[in-house]
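Descriptive analysis of the structure
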Amino acid sequence: MLKSKEPAIRPDFNTVPEAMASLPAWSLWSAERRDLGGGNVEYSYEYLTYTDSMLPILAKKQPLEVILPIFNQLFVALFFLFGITNIIIAIRYAMIKDKVKESELAILAKETPADWHPKVELLYTTYNDFIPYALAQCLKQTYDNTQGVILDNSTDPKYIKMIDDFVIAHPNVKLVRDSQNKHAKAGNLNNYLCNGTHDYDYFVILDSDELLENRFVEKCLKMFYYNNIGILQCNHISGQNNNSFMRTFASSANVFWPVQNVVRNAEGGWLNKTVSGVSVGQTGGALCIELGHGVMMSRECFEDIGQIPYAVAEDLCTSIEATLKGWNIKFASQIYGNEAFPVNMTALMIRSSKFCSANLEFFRKYSSRIIKSKTISLYQKIDLFCFTLAAPIIAFQYISLVISSIICPALHIPLVTQLFMLLPTLVCYFSQSLVDSIFNLKNGMKFLYLLIYEVEAMLLYGSFYFITIKSTVLALMNRPAKFIVTPKVNEHITFLHAIRNNYQGILFSIFTIIACIAISGSYWVLLSFIPGCFGFLFEMQANHRTSEEQIKADKLQSYNNKALQFGNTETVDWND
């Protein structure tokens, strides 16, 4: 490192190395001297850190050289915050999970008064994805005052007939159709809940592939009776896995649900509704939210909100509306539902794209109200925004990459070392997979299988760059978010179909790699974009089934057929 007390002056690269003497003390250069013969000498220099201080840049009035590095560092700080948050939540979960379990089991062991017998409706929402065995299983509740209601928006005659047949076979189930089919799931729910007179005290929202344990309603009512809550979100496992793709990646969901939600439940604080408004009984460090299915809500809470907000992320929006009204939302780790993991890569990408655009829509609609709210603490606001930005974080990573590896080098704007830029990004990129690995090992996964899983997960989720960036850009351009139903049936996919389905992502990844290497020599971008070149191969993984998985697939289809038969009492095991 060359030290000098002289004013910082950008050296002339074409002159002798004495020009380096004008560099400030905080600059670090490497120089290579090559003797070309005949008395000719060539010098080459390389950036390693800032080649100027901020003050000389400001003095020269070069705002772009100030704005771009600062803007980029804001993204780097966001990545670091997101990654560290994932790790801290996992550590906190490991510390409190046993205590939380004991507390919940103590409540579930209690009895409710014999004269307290509220009516509960199971609201099964469907749009061209009706699964007979799922609803049939959900109806098998130990609590007798339960009513099943199908809320159908379907347009496909096949599903319409299937639902009609199911109602004939199960005459106690109500059927309500919304022919206008507006506002997707929120509109479907409001079409029933906000119209007519209904006799219920609580309702449960079910997705089409939802399986509930037989004591689900009974357990939920105990949590309501012994706690001051308006909404209860229950735990989920990813089951019903009947192909290689589902089996491989379902473990990530099985870790995410309890780790994230147990901590938010424990750290969520408590609210008290008063005549004059809402008082904060206990300030929380996180915000517990409902996640759209496997959730029970009281009638009083819903009527206080007025309706399910019309948004793709209707669950997030409902959570905020309830919280601002003073209703407590809690998570029950010992009450289970079963949600099928996306059946193939296309289904997973559709769900990821929907989450991305929906969360940004939520952010746009509610950020002002959240910031101004006195009900929600500062820590809860930060936690909520971190959770909301989890889906589009990949797009922000790409913007940072473009700034540091394409724009700044092309404009000859000095930046800090790529390693300094890279480390926070890696913390963000691998934080969730690190958490998955720790809990998978603890749950008995062999180390070799874990390594294979981590490589597969990196290739799969790394190939989502294009679809996430596309969804984020469209959302930032105020393109309305769309509620796209996640496909529930896998069609056989060939190699050519896989390429055709992902060619935009493949070309996007190749272009980014070439641009970064050509402009700045940033070979570390391969870590992020090689998956985009090869991740499409996972499209075909869903074609493969083991003999056990084939038996399960046939078994589920058999249950589907039986659920449409009048008088049939056989249902699938909720834990299957």
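See the structure printed just above.
Residues numbered from 1 in each chain as written. Predicted model: local features only at pLDDT ≥ 70, side-chain atom pairs only at ≥ 80, totals over all residues. Heavy atoms only, no water.

On to the overall build of the protein. Along the protein, the regular secondary structure elements total 18 helices and 12 strands. When burial is assessed residue by residue, the protein has 52% of its 576 residues classed as buried. In the protein, of all internal contacts separated by at least 6 residues, the share reaching a separation of at least 24 is 79%. (Helix = DSSP H or I, 4+ residues; strand = E, 2+ residues; numbered from the N terminus. Buried < 20%, exposed > 50% of the residue type's maximum accessible area, 1.4 Å probe, protein only. Contact = heavy atoms within 4.5 Å.)

Further remarks concern helix H15 (residues 465-476). The periodicity of an α-helix, 3.6 residues per turn, causes residues three or four places apart in sequence to face the same way. The end-to-end C-alpha separation of H15 is 16 Å, in line with the 16 Å expected for 12 residues at 1.5 Å each. Tyr 465, Ile 467, Thr 468, Ile 469, Ser 471, Thr 472 and Ala 475 are the residues of H15 that are buried. At its buried positions, H15 is contacted by helix H10 (345-372), helix H12 (393-410), helix H14 (447-462), helix H16 (495-520) and helix H17 (526-534). Asn 478 sits one or two positions beyond H15 and adopts a positive phi of about 65 degrees. (Expected span 1.5 Å × (residues − 1).)

A few words on the pairing of strand S6 (residues 202-206). Regular strands place side chains that alternate from one sheet face to the opposite one. In terms of burial, S6 is a largely internal element, five of the five residues being buried. Residues of S6 alternate between two faces, with Tyr 202, Val 204 and Leu 206 on one and Phe 203 and Ile 205 on the opposite face, all of them buried. Bridge count for strand S3 (residues 120-126) against S6 is five bridges, and the pairing is parallel. Each bridged residue has a counterpart across the sheet, and for Glu 121 the counterpart in S6 is Phe 203. In this structure, S6 lies alongside strand S11 (residues 295-298), joined through four bridges in antiparallel fashion. Within the sheet, the bridge partner assigned to Tyr 202 lies in S11 and is Ser 298. (Pairing = 2+ DSSP bridges.)

Take the packing of H10 against helix H11 (residues 378-388) next. Where H10 meets H11, the axes come as close as 11 Å, and the angle between the chain directions of the two elements is 170 degrees. Compared by their axis directions, H10 and H11 come out roughly antiparallel. Residues Asn 359, Phe 362, Phe 363, Ser 367, Ile 370, Ile 371 and Lys 372 of H10 form the contact with H11, whose own contacting residues are Lys 381, Leu 384, Phe 385, Phe 387 and Thr 388. Here the contact of H10 with H11 is built from residues that sort into seven nonpolar, three polar and two charged. (Axes fitted to C-alpha atoms, helices over the stretch in contact; angles between N-to-C directions. Parallel < 35°, antiparallel > 145°, perpendicular 65-115°, else oblique. Nonpolar A, V, L, I, M, F, W, Y, C, P; charged D, E, K, R; others polar.)

This brings us to the pattern of salt bridges. Throughout the structure, instances matching the rule amount to 18 salt bridges. With a closest N to O distance of 3.3 Å, Arg 215 and Glu 218 form a salt bridge. Looking at Arg 215, the relative accessible area reads 33%, which means it is partly exposed. One salt bridge in this structure joins Lys 273 and Asp 304, with 2.9 Å as the shortest N-O distance. Residue Lys 273 is found in strand S9 (residues 270-274), and its partner Asp 304 is found in helix H8 (residues 299-305); the two are separated by 31 residues along the sequence. Residue class for Asp 304 comes out partly exposed when judged on its relative accessible area of 26%. (Salt bridge = Lys/Arg side-chain N within 4 Å of Asp/Glu carboxyl O.)

With eight of 10 residues buried, helix H5 (residues 184-193) is to be regarded as a mostly interior element. Residues Lys 185, Ala 186, Gly 187, Asn 188, Leu 189, Asn 190, Tyr 192 and Leu 193 constitute the buried set of H5. Taken together, the buried residues of H5 touch S3, strand S4 (146-152), strand S5 (174-177), S6, H8 and helix H9 (314-324).

To continue, consider the environment of Val 204. Topologically, Val 204 is positioned in strand S6. By relative accessible area, which is 0% here, Val 204 ends up buried. Between the C-alpha atom of Val 204 and that of Glu 121, which follows or precedes it by 83 residues, the distance is 6.2 Å. Once you skip the residues sitting within four places of it in the chain, Val 204 turns out to touch Val 120, Glu 121, Leu 122, Leu 123, Leu 212, Phe 216, Val 295 and Met 296.

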